[in-house]
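The primary structure of each chain is shown beneath.
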Amino acid sequence: MQELVQRTWSPRSRLHVGDVAWERALNAGRRGDTWRTAFWEDNGQVVAWGWAEPDHLSLVVDPEWAEVAGDVLGWFQEYAPDGAVSVLEAETHLVAALEKAGYRADDDAPYFTHHRIALSDLGTPVVPDGFTLRHVQPDEVQQRAAVHRAAWSDWGPSKVTDEDMAAVMSTWPYKPELDWIVEAPNGEFAATALIWDDKIHGIGLVEPVGCAPAYRRRGLAQAVNLAALHALREAGATHAMVCPRGDDAYPKARALYQSIGFRPGARSRLYVRR
Ligand SMILES: CC(C)(COP(=O)(O)OP(=O)(O)OC[C@H]1O[C@@H](n2cnc3c(N)ncnc32)[C@H](O)[C@@H]1OP(=O)(O)O)[C@@H](O)C(=O)NCCC(=O)NCCS
C-alpha cells in the first residue's frame with residue numbers, strides 16, 4: 001500500500017504515506033478485524049488498492065491505470081452497496097470513476113482541506129517559561145499515548161491504548177526525531193505534533209497535532225508544530241502539508257495551521273450512491 005502511495009504521490013493526491021501509516025497503525029488493534037483491503041497488481045507491482053473500514057472506502061489508483069478504479073468501486077459495492085468513498089477533488093481519475101459508477105458528491109458532509117507550507121521561512125517556536133520543547137524518546141510510549149488521549153477526548157474518551165501508540169511508533173516511516181512534544185513544568189506532556197517524512201518527495205505530513213485541554217490557548221500547539229517543522233527541514237524536506245477540516249463546523253484546526261503559515265489548496269469530497 002505504501003509503495004503505491006509513495007510512487008504515485010503528487011500535490012493532487014489525497015493520501016500521503018503518513019496518512020496510511022497513522023490511520024492503519026493507530027486503529028488496527030481495535031478495528032482491524034472489520035476492515036477489508038484488496039490490491040490490483042500488474043506484473044507484481046501494485047497499481048491500485050482499496051481499503052474499506054468497513055462501509056467507508058479509501059482508494060489509491062495509479063493514474064496510468066485509471067480504468068482499474070471502476071474495479072475497486074465494484075469490489076467495494078459488493079458488500080457495502082450504500083458505502084461512502086473519500087477522494088481529493090484533484091483526483092480527477094477517481095472522480096470520473098465515481099460518477100460513472102453512479103456516485104454523487106455529498107455536499108453536506110464534513111471535508112478536509114489540504115494545506116501546504118514551504119520550509120524555507122519558518123517562524124521561531126516559543127513556549128512559556130518552564131515549558132520545554134523536545135522530541136519524543138522511543139521508550140516514552142505511555143506518556144505519548146496519554147497526551148494523545150487527553151487532546152483527543154473532546155467528543156468522548158479516546159479509545160487509543162498504549163499498545164496502539166506503540167504500533168504507531170514502530171510503523172514506517174515513524175521517526176522519534178519528528179515526533180515533538182511540549183513538556184509542562186511538572187513533567188507532563190502538554191502538546192504534540194507528529195510529522196511523517198516522505199523522503200522521495202521531500203514533503204512531510206503533519207498528523208496529528210493535539211494539546212491537552214488544561215494547556216490550551218497558550219501557543220503550545222503552534223510552538224510544537226513549528227519545532228517539528230524545523231526538525232523536518234533539518235531532515236532534508238522542503239515542504240510540509242496538513243489536512244484539517246475545511247468546513248465551518250470545525251474551524252479551529254485550520255485557524256491553527258494558517259496562523260503558522262500553511263496555505264489552503266485542494267479539498268476532499270465524500271461520494272455516496274445516487
Ligand atoms: C486545535 C488544538 C491543537 C489547538 O491547541 P492550542 O495549544 O490551544 O493552540 P494554540 O494556543 O497554539 O493556538 C494557535 C492559534 O490556533 C488558533 N486556535 C487555537 N484554538 C482555537 C480555538 N478554540 N478557536 C479558534 N482558533 C483557535 C488561533 O488562531 C490561535 O492563535 P491565537 O490564540 O493567537 O488566536 C487543540 O484545541 C486540540 O488539541 N484540539 C483537539 C485535537 C485537534 O483538533 N487537533 C488539530 C487537528 S489535527
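Keep in mind that this is a model prediction, so the values were computed, not measured.

### Some points on the site of the ligand
Part 1: Near the ligand, the surroundings consist of 19 residues, among which Val 209, Cys 211, Arg 217, Gly 219 and Tyr 250 are the closest.
Part 2: Here an oxygen atom of the ligand sits 3.1 Å away from a polar atom, N or O, in the main chain of Ala 221.
Part 3: For the shell around the ligand, the secondary-structure elements that each account for two or more residues are strand 10 (203–211), helix 7 (220–234) and helix 8 (252–260).
Part 4: In terms of residue count, helix 8 provides more of the shell around the ligand than any other element does, six residues in total.

### Some remarks on the domain arrangement of the protein chain
Part 1: By the assigned domains, the protein chain splits into domain 1 (2–112) and domain 2 (115–265).
Part 2: The gap between the C-alpha centroids of domain 1 and domain 2 is 25 Å.
Part 3: Every contact between the two is made by 18 residues of domain 1 and, on the other side, 28 residues of domain 2.
Part 4: Counting each side, the surface lost to burial between domain 1 and domain 2 is near 2100 Å², with a carbon and sulfur contribution of 68%.
Part 5: For the salt bridge of Asp 164 with Arg 30, the shortest nitrogen-to-oxygen distance reads 2.7 Å.
Part 6: Seen at the junction of domain 1 and domain 2, the total is seven residue pairs in polar contact (both at pLDDT 80 or more).
Part 7: Looking at the side of domain 1 that touches domain 2, the element that brings in the most residues is helix 2 (residues 17–31), giving 10 residues.
Part 8: In terms of residue class, the side of domain 1 that touches domain 2 is built from 10 nonpolar, five polar and three charged.

### Quick look at the pairing of strand 3 (residues 56–61)
Part 1: In terms of burial, strand 3 is a largely internal element, five of the six residues being buried.
Part 2: The turn joining strand 2 (residues 45–52) and strand 3, which pair antiparallel and follow one another in sequence, is formed by three residues.
Part 3: Considered for its hand, the β-α-β crossover made up of strand 3, helix 3 (residues 68–79) and strand 4 (residues 84–88) is right-handed.

### Observations concerning the environment of His 16
Part 1: Mapping His 16 onto the fold places it in the loop between helix 1 (2–8) and helix 2.
Part 2: Considered as a pair, His 16 and Trp 51 are 35 residues apart in the sequence and their alpha carbons are 15 Å apart.
Part 3: Look past the residues within four positions of His 16 in its chain and what remains in contact with it is Val 5, Trp 9, Trp 196, Asp 198, Ile 203, Gly 204, Leu 205 and Met 241.

### Points about the packing of helix 7 against helix 8
Part 1: Put simply, helix 7 and helix 8 touch, their axes get as near as 10 Å, and they point 55° apart. With respect to each other, helix 7 and helix 8 are oriented oblique. Like other packed secondary-structure pairs, helix 7 and helix 8 cross with a definite hand, here right-handed. Across from Ala 221, Gln 222, Asn 225, Leu 226 and Leu 229 in helix 7, the residues of helix 8 making contact are Leu 256, Tyr 257, Ser 259 and Ile 260.
Part 2: Of the residues assigned to the contact of helix 7 with helix 8, the class counts are six nonpolar, three polar and no charged.

### Notes on the packing of aromatic side chains
Part 1: Tallying each qualifying case throughout the model produces nine aromatic pairs.
Part 2: Judged by centre distance (5.8 Å) and plane angle (80°), the ring pair of Tyr 257 and Phe 262 falls under edge-to-face. The pair Tyr 257 / Phe 262 is uniform in exposure class, with both members buried.
Part 3: Ring pairs connect the aromatic residues Trp 40, Trp 75, Phe 76 and Tyr 79, which therefore count as one cluster.
Part 4: Sitting over the face of the ring of Trp 51, Arg 24 holds its NZ or CZ atom 4.7 Å from the ring centroid.
Part 5: Sitting over the ring of Tyr 111, Arg 267 keeps its end group 3.6 Å from the ring centre.

### A closer look at the nonpolar core
Part 1: Core analysis: the largest hydrophobic core is formed by 34 residues, its most contacted members being Leu 119, Tyr 215, Leu 220, Leu 229, Leu 232 and Phe 262.
Part 2: Of all the secondary structure elements, the ones that give two or more residues to this core are strand 8 (179–183), strand 9 (189–198), strand 10, helix 7, strand 11 (239–242) and helix 8.
Part 3: Sort the elements by how many residues they give to this core and helix 7 lands first, with nine residues.
Part 4: Sequence-distant contacts of Tyr 215, that is, excluding residues within four places in its chain, are made with Phe 131, Ala 184, Asn 186, Glu 188, Ala 190 and Leu 220.
Part 5: By size, the runner-up hydrophobic cluster in this structure holds 23 residues, among which are Leu 59, Ala 69, Val 85 and Leu 98.

### Examining the packing of helix 3 against helix 4 (residues 92–100)
Part 1: Following both chains from N to C, one finds helix 3 and helix 4 inclined at 50°, their axes separated by 9 Å at the closest point. One way to sum up the angle between helix 3 and helix 4 is to call them oblique. In this structure, helix 3 crosses over helix 4, and the sense of that crossing is right-handed. Contact with helix 3, carried on its side by Ala 69, Gly 70 and Leu 73, involves Leu 94, Ala 97 and Leu 98 of helix 4 and no other residues of that element.
Part 2: For the contact of helix 3 with helix 4, the residue count by class is five nonpolar, one polar and no charged.

The rules we used
Residues numbered from 1 in each chain as written. Predicted model: local features only at pLDDT ≥ 70, side-chain atom pairs only at ≥ 80, totals over all residues. Heavy atoms only, no water. Near = heavy atom within 4 Å. Polar contact = N/O pair within 3.5 Å; in protein donor to acceptor, adjacent residues only side chain to side chain. Helix = DSSP H or I, 4+ residues; strand = E, 2+ residues; numbered from the N terminus. Domains from an automatic or database assignment. Contact = heavy atoms within 4.5 Å. Buried area = accessible area lost by both parts, 1.4 Å probe. Salt bridge = Lys/Arg side-chain N within 4 Å of Asp/Glu carboxyl O. Nonpolar A, V, L, I, M, F, W, Y, C, P; charged D, E, K, R; others polar. Buried < 20%, exposed > 50% of the residue type's maximum accessible area, 1.4 Å probe, protein only. Pairing = 2+ DSSP bridges. Right-handed = clockwise from strand over helix to strand, strands pointing away. Axes fitted to C-alpha atoms, helices over the stretch in contact; angles between N-to-C directions. Parallel < 35°, antiparallel > 145°, perpendicular 65-115°, else oblique. Left-handed = near helix turned anticlockwise from the far one by under 90°. Phe/Tyr/Trp six-rings, centres within 6.5 Å; stacked < 30°, edge-to-face > 60°. Lys NZ or Arg CZ within 6 Å of the ring centre and 35° of its normal. Core = buried A, V, L, I, M, F, W, Y, C linked by side-chain atoms within 4.5 Å.

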